[in-house]
Each structure stands twice: as C-alpha cells, then as structure tokens.
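Residue-level structural notes
Residues per chain, in single letters:
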Amino acid sequence: MTILMPQPDAAIIARRNEIVTALRAIVPGEGVISSEPEMLPYESDGLMAYRQPPMVVVLPETTEQVSRVLKYCFEQRIKVVPRGSGTSLSGGALPLADGVLLGLGKFKRIREIDFDNRVVVTEPGVTNLALSQAVAHAGFYYAPDPSSQIACSIGGNVAENSGGVHCLKYGMTTNNVLGCEIVLMTGEVLRIGGKAAENAGYDLMGIITGSEGLLGVVTEVTVRILQKPETARAMMVGFAEVEAAGECVARIIGAGIIPGGMEMMDKPAIHAAEAFVQAGYPLDVEALLIIELDGPSVEVDELINRVETIAQGCGSTSCRISTSEAERNLFWAGRKAAFPAVGRISPDYLCMDGTIPRGKLPQALARIRELSDKYGLRCANVFHAGDGNLHPLILYDANQPDEMERAEAFGADILRCCVELGGVLTGEHGVGIEKRDLMPEMFSDIDLNQQQRLKCAFDAQGLLNPGKVFPTLHRCAELGRMHVHAGKLAFPELPRF
Ligand SMILES: Cc1cc2nc3c(=O)[nH]c(=O)nc-3n(C[C@H](O)[C@H](O)[C@H](O)COP(=O)(O)OP(=O)(O)OC[C@H]3O[C@@H](n4cnc5c(N)ncnc54)[C@H](O)[C@@H]3O)c2cc1C
C-alpha cells in the first residue's frame with residue numbers, strides 16, 4: 001500500500017532552506033545534516049515507540065558555534081532540541097518536525113584531568129564510561145554508572161540526573177558534578193560552579209542537573225572523581241519470595257550498612273539475564289539480590305558476614321560471594337545487561353522508572369502483579385533496591401492490536417501506584433514526553449506553575465526542548481500575571497511507529 005504523505009508547501013520549503021543555509025554559515029563542513037536518509041538515526045531516542053524526523057540536525061564542535069546557533073534560533077524563534085547520545089528512555093531527545101536538533105556528539109574531548117583536586121573537566125559528548133577509563137590508570141573512577149554507560153554522554157547524564165548501581169553509596173549525578181558551562185537560548189554563555197565544592201549564591205548547578213535540556217545547553221562539565229576502594233566484593237543472594245528479599249534490603253539499611261550497590265531482580269528478569277549473559281544466577285529463586293560491599297578488605301569481610309547473617313534471618317535460600325574481580329564483574333554483568341536481555345525475549349518492552357519508599361517494595365510488587373493480570377501483559381522487574389527505584393519492564397508486541405496502548409496504560413498505573421505509596425514518578429530516567437502527562441498526579445497547579453516560572457527565567461520564549469516535562473506549558477507572560485488556566489497539551493500529537 002502506498003501512503004501519500006502531505007507535501008510541505010513552497011513557503012515552508014523556502015523557509016527551511018533559509019534556516020539550513022544560515023546554520024551552514026555557522027557550522028561549516030559536515031556539521032549540518034538536512035537530507036532525510038541522513039537524519040534517520042536522529043528521529044528517535046531510547047523511547048523508540050515515538051519517532052519524529054527533525055527539521056534539520058546541527059552538530060557544532062565549539063561553545064562559540066553553539067552560542068551562535070542558539071542566538072540565531074532565538075532571534076528567528078526556532079525551537080531547539082538538545083541531544084547527547086540519544087539513549088534517553090523518556091523521549092527527552094525526541095526531535096520536533098519544526099525544530100533544530102542540536103547534537104553534542106562532536107564535543108568529545110576531555111579538557112583536563114586534575115588528580116590533585118580530584119576533578120575532571122570534560123566536554124559533554126564524552127561517554128560516561130570513557131570518563132572512568134581516562135582516570136583508571138591512576139586508580140580513580142567516576143561513580144555514577146548508568147547501565148547505558150558505554151553509550152550515554154556526560155551531558156545527557158547531567159540533563160537527566162542519571163543514576164546507576166553505585167549511586168546508593170556515592171550519590172547520583174547531582175552529587176558528583178561540581179560545575180558546568182551552559183549556553184542559554186539567547187546565546188549567552190553562563191559558567192556555574194567549578195572545581196571548588198561550595199559556591200556562593202543560588203544552587204544553579206542543582207537546577208541545571210535534571211533539567212532535561214529545557215534550561216540551557218551544557219557545553220562543559222566538571223565532575224568529581226573518586227579513588228577506587230581497596231576492595232570490592234559482590235554477593236548474590238537468592239530468596240524463595242520477593243517479599244523476603246525486600247525485607248532483607250530494609251534490614252541491611254536499617255543495620256546502618258550502606259553497600260556500594262544493592263540491586264534486586266525478580267524471576268522473569270533473572271531468567272532473561274542468565275540466558276543472555278550466563279552470570280551463574282540461580283534459576284530456582286523468585287528474587288535475587290546482588291549486594292556489593294567495598295572499602296578496606298578487613299571491613300568488607302566483616303560486612304559480608306553481617307549481610308549474610310541478615311539474609312539468613314530473612315530466609316535466603318542461596319548465597320555466593322565473589323572471590324575475584326572477574327567473578328564480581330560477572331555477577332554485575334547480568335544485572336547491567338537486564339534491559340537488552342529482556343529485549344531478547346519480547347519483540348518490544350517499555351522500561352518504567354518509578355521510586356517508592358524502600359519498605360513499600362512488597363506492596364508495589366503485589367500491585368504490579370495484579371496490573372500484569374489486568375492488562376494481560378508480562379512484566380520483568382529489576383530494581384535499584386537500596387534506593388527504592390523500580391524498573392518494571394513491560395513486555396509487549398507493537399504489531400499486535402492494542403498492545404502498545406495496553407502497555408502504556410499499564411506503565412502509567414505503575415507510576416500512579418508509586419506516587420500513592422509515597423514515591424515519585426521518576427528515579428533517574430526523567431519525565432520527557434513519557435511521564436509528562438502524569439506530572440499532575442504528583443504536583444499541584446501551584447507546584448507546576450512555579451517550576452514553569454523557573455523555565456521562563458532561563459528561556460522566556462519557550463524555545464528550548466518544548467513539549468517535554470510539562471503537561472501544559474503556559475506562556476511566560478501569562479505566568480507573570482499569575483493567569484492560570486487549563487490549556488491544551490503543548491505537544492498533543494506524537495507520531496508512533
Ligand atoms: C539500555 C539502557 C540502559 C539505561 N540504564 C540507565 C541507568 O542505569 N540509569 C539511568 O539513569 N539511565 C539509564 N538509561 C537512560 C539514559 O541512558 C540516560 O538518561 C542518559 O543520561 C541519557 O544520556 P544521553 O547522552 O543518551 O542523552 P540523550 O538521550 O541524548 O538526551 C537526554 C536528555 O538530555 C538532554 N541533553 C542531552 N545532552 C544535553 C546537553 N549537552 N545539554 C543540555 N541537554 C542535554 C536532551 O535534550 C534530553 O532531554 C538507560 C538507557 C538505556 C537505553
């Protein structure tokens with residue numbers, strides 16, 4: 001069947017050509033991509049159910065070029081979507097048909113490694129893993145370690161306030177970033193923080209971290225690096241019931257032990273990961289905890305004994321303790337590959353990301369099981385258990401009628417459940433377009449308006465990444481006059497494939 005696409009009229013084509021020519025003058029050479037086939041890799045991010053080719057892709061290499069691109073777009077009132085590596089699972093980097101996609105992929109240089117001050121100054125396109133690799137020879141690493149660390153960029157990590165298995169003890173991105181350079185929509189360049197841990201004035205770094213590309217474009221980041229602990233050993237503890245594993249997590253934290261990482265997987269996730277990675281996971285358990293203890297070796301030995309005793313008290317059915325670095329990495333390999341592992345057993349999956357108070361894990365899991373029956377869709381669960389951050393992976397087949405809609409409704413109910421249990425809509429993947437319309441479940445109109453006023457202080461015309469995060473974006477002038485009304489969605493129609 002031939003699908004006839006509506007043809008843009010001559011005025012739109014002429015306007016687009018004019019914009020492409022202006023951008024080429026700012027970023028010469030191969031820095032502007034405007035042909036449809038070449039723009040294909042940019043039409044989606046990690047939330048692949050949504051796709052939208054951008055008007056044009058621009059790939060600057062310097063802060064000055066970013067500044068000139070944004071200034072031009074500001075003056076011409078053109079929307080801009082910043083993009084790092086495009087691994088966002090909430091659709092934050094989804095392009096707009098009438099917007100410029102500003103890719104930071106060419107910002108690939110680590111500018112300074114300062115071991116004396118234990119900081120690295122880097123460009124935003126450097127991957128999370130490359131940062132740790134660059135300082136590994138001196139026994140250092142960058143602590144936040146998203147499972148996507150081989151691909152995701154530091155700029156994207158800042159924009160999403162990303163986390164990982166080691167964030168329980170060492171903090172999220174926000175706790176490990178000391179400063180940044182951002183370019184505002186007007187083209188002005190703002191430097192925030194630096195190598196010093198404390199800065200006077202408002203905590204702008206805290207505001208930029210997690211701002212999902214709505215406030216400015218990050219062109220340089222200063223991060224804290226840590227010395228690798230003397231010893232790190234991982235335990236793999238199996239349970240016959242998910243509730244017992246949840247209880248074990250609560251008791252470990254309650255005993256004052258903060259492991260380097262504490263992750264949980266349920267049976268479907270264990271089986272998928274084991275089939276993919278052969279990490280040696282037990283297949284006869286309902287829940288598996290992977291717990292890493294790190295520090296001086298005497299302390300680690302002592303903590304392992306204490307955790308083992310706590311786990312036995314909760315009815316653990318198996319326990320293995322890593323005896324080498326290779327084995328520790330193997331224990332983690334299955335957990336870190338859990339998402340692609342689930343991708344092997346289902347044509348499609350939705351990865352949810354809600355957070356609950358740790359003690360509410362059994363209730364949340366029971367509710368997810370009920371919802372799985374209600375929607376007739378399977379669900380595999382992996383959690384940053386120590387943080388109460390759930391990642392239910394909803395399995396569906398987009399080629400089956402209604403399955404995509406059912407999966408989305410299932411996911412929305414899980415997030416509502418997280419809020420009802422006293423948790424929040426996102427632990428680390430951001431709001432983007434995925435959770436945008438659920439924001440009122442958690443925030444009042446007053447909350448949302450105040451957040452939007454902050455957006456207006458950075459981007460008064462609402463040109464930077466519009467349609468993300470806020471269910472209804474009021475014009476800044478309206479907010480200034482406190483004129484509040486229930487408006488239309490800013491981004492109502494999203495093409496799905
Ligand atoms: C298999 C898989 C596993 C994952 N595991 C984790 C995990 O364990 N923990 C976790 O937290 N996340 C995880 N993620 C989600 C994702 O990797 C993170 O959100 C990551 O930080 C996104 O980085 P990116 O460079 O790909 O950003 P993109 O996807 O390109 O963009 C994400 C958002 O950041 C904005 N942005 C990007 N760069 C900039 C910049 N320089 N300036 C301003 N705004 C910018 C974009 O506009 C967008 O809103 C996972 C994703 C996948 C696919």
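The following refers to the structure shown. Just so we're clear, the structure is a prediction, and the values are computed from it rather than from any experiment. (Residues numbered from 1 in each chain as written. Predicted model: local features only at pLDDT ≥ 70, side-chain atom pairs only at ≥ 80, totals over all residues. Heavy atoms only, no water.)

Right, let's get into unusual backbone geometry. Positive phi is not limited to glycine here, since N465 has a value of about 50°. Relative to the helices and strands, N465 is located in the loop between α16 (445-458) and α17 (476-480). Judged by its relative accessible area of 1%, N465 is buried. (Helix = DSSP H or I, 4+ residues; strand = E, 2+ residues; numbered from the N terminus. Buried < 20%, exposed > 50% of the residue type's maximum accessible area, 1.4 Å probe, protein only.)

Strand order in the open sheet formed by four strands is β1-β2-β4-β3, with mixed pairing between adjacent strands. Unpaired on one side and paired on the other, β1 (32-33) and β3 (79-83) mark the two borders of the sheet. Where β1 and strand β2 (residues 56-58) come together, two bridges link them in antiparallel fashion. Across the sheet, residue I33 finds its bridge partner in β2, namely V57. Packed onto the sheet, helix α3 (residues 63-76) meets β2, β3 and β4 (99-103) and runs at close to 170° relative to β4. (Pairing = 2+ DSSP bridges. Contact = heavy atoms within 4.5 Å. Axes fitted to C-alpha atoms, helices over the stretch in contact; angles between N-to-C directions.)

What follows concerns the site of the ligand. Not every one of the 33 residues close to the ligand is listed here, only the nearest: P82, T87, S148, S153 and S162. Between the ligand and P82, the relevant distance is 2.6 Å, taken from an oxygen atom to a main-chain nitrogen or oxygen of the residue. In the environment of the ligand, an oxygen atom lies 2.6 Å from a nitrogen or oxygen atom belonging to the side chain of T87. The fraction of the free accessible surface of the ligand (970 Å²) that becomes covered by protein chains is 94%. At the level of elements, β3, α5 (154-160) and β10 (217-224) are the ones that each hand at least two residues to the shell around the ligand. Ranked by the residues each element gives to the shell around the ligand, the list is headed by α5, at five residues. By residue class, the composition of the shell around the ligand is 11 nonpolar, 18 polar and four charged. A domain split of the shell around the ligand shows at least three residues from each of domain 1 (26-103) and domain 2 (110-227). (Near = heavy atom within 4 Å. Polar contact = N/O pair within 3.5 Å; in protein donor to acceptor, adjacent residues only side chain to side chain. Areas by Shrake-Rupley, 256 points an atom, 1.4 Å probe, with all protein chains shown as cover. Nonpolar A, V, L, I, M, F, W, Y, C, P; charged D, E, K, R; others polar. Domains from an automatic or database assignment.)

Before going further, it helps to examine the side chain of D459. In this fold, D459 is placed in the loop between α16 and α17. Classification of D459 as buried rests on a relative accessible area of 2%. Within the local environment of D459, its side chain forms a polar contact with the backbone nitrogen of L464, the two atoms lying 2.8 Å apart.

The strand order across the open sheet formed by five strands is β5-β6-β10-β8-β9, and the pairing between neighbours is antiparallel. For this open sheet the edge positions go to β5 (110-114) and β9 (189-193), each flanked by a neighbour on one side alone. Sheet twist, expressed as the mean angle between neighbouring strand axes with direction ignored, is 10°. Where β5 meets strand β6 (residues 119-122), four bridges bridge the pair, whose relative direction is antiparallel. Looking across to β6, one finds that E112 is bridged to V121. Sheet contacts for α3: β5, β8 (177-183), β9 and β10; angle to β8, the most-contacted strand, approximately 50°.

Glancing now at the pattern of salt bridges. One pass over the full model with this rule turns up 28 salt bridges. Among the salt bridges present, the one from K435 reaches D353, with a minimum N-O distance of 3.9 Å. Of this pair, K435 sits in the loop between α14 (403-420) and α15 (439-442) while D353 sits in the loop between β16 (348-351) and β17 (354-355), and the two are 82 residues apart along the sequence. The pair formed by K435 and D353 is uniform in burial state, with each residue classed as buried. Three or more residues joined by partner-sharing salt bridges are found here, namely R109, R111, E123, E181, R191 and E220. (Salt bridge = Lys/Arg side-chain N within 4 Å of Asp/Glu carboxyl O.)

Here we come to the state of the cysteines. Under the defined criterion, the tally for this structure stands at one disulfide. Here C456 connects covalently by a disulfide to C476, the sulfurs 2.2 Å from one another. Residues C456 and C476 are joined through a disulfide that is left-handed, its torsion about the S-S bond being -90°. Remark: C476 occurs in helix α17 and C456 occurs in helix α16; sequence separation between them is 20 residues. Judged by its relative accessible area of 14%, C456 is buried. (Disulfide = S-S within 2.5 Å.)

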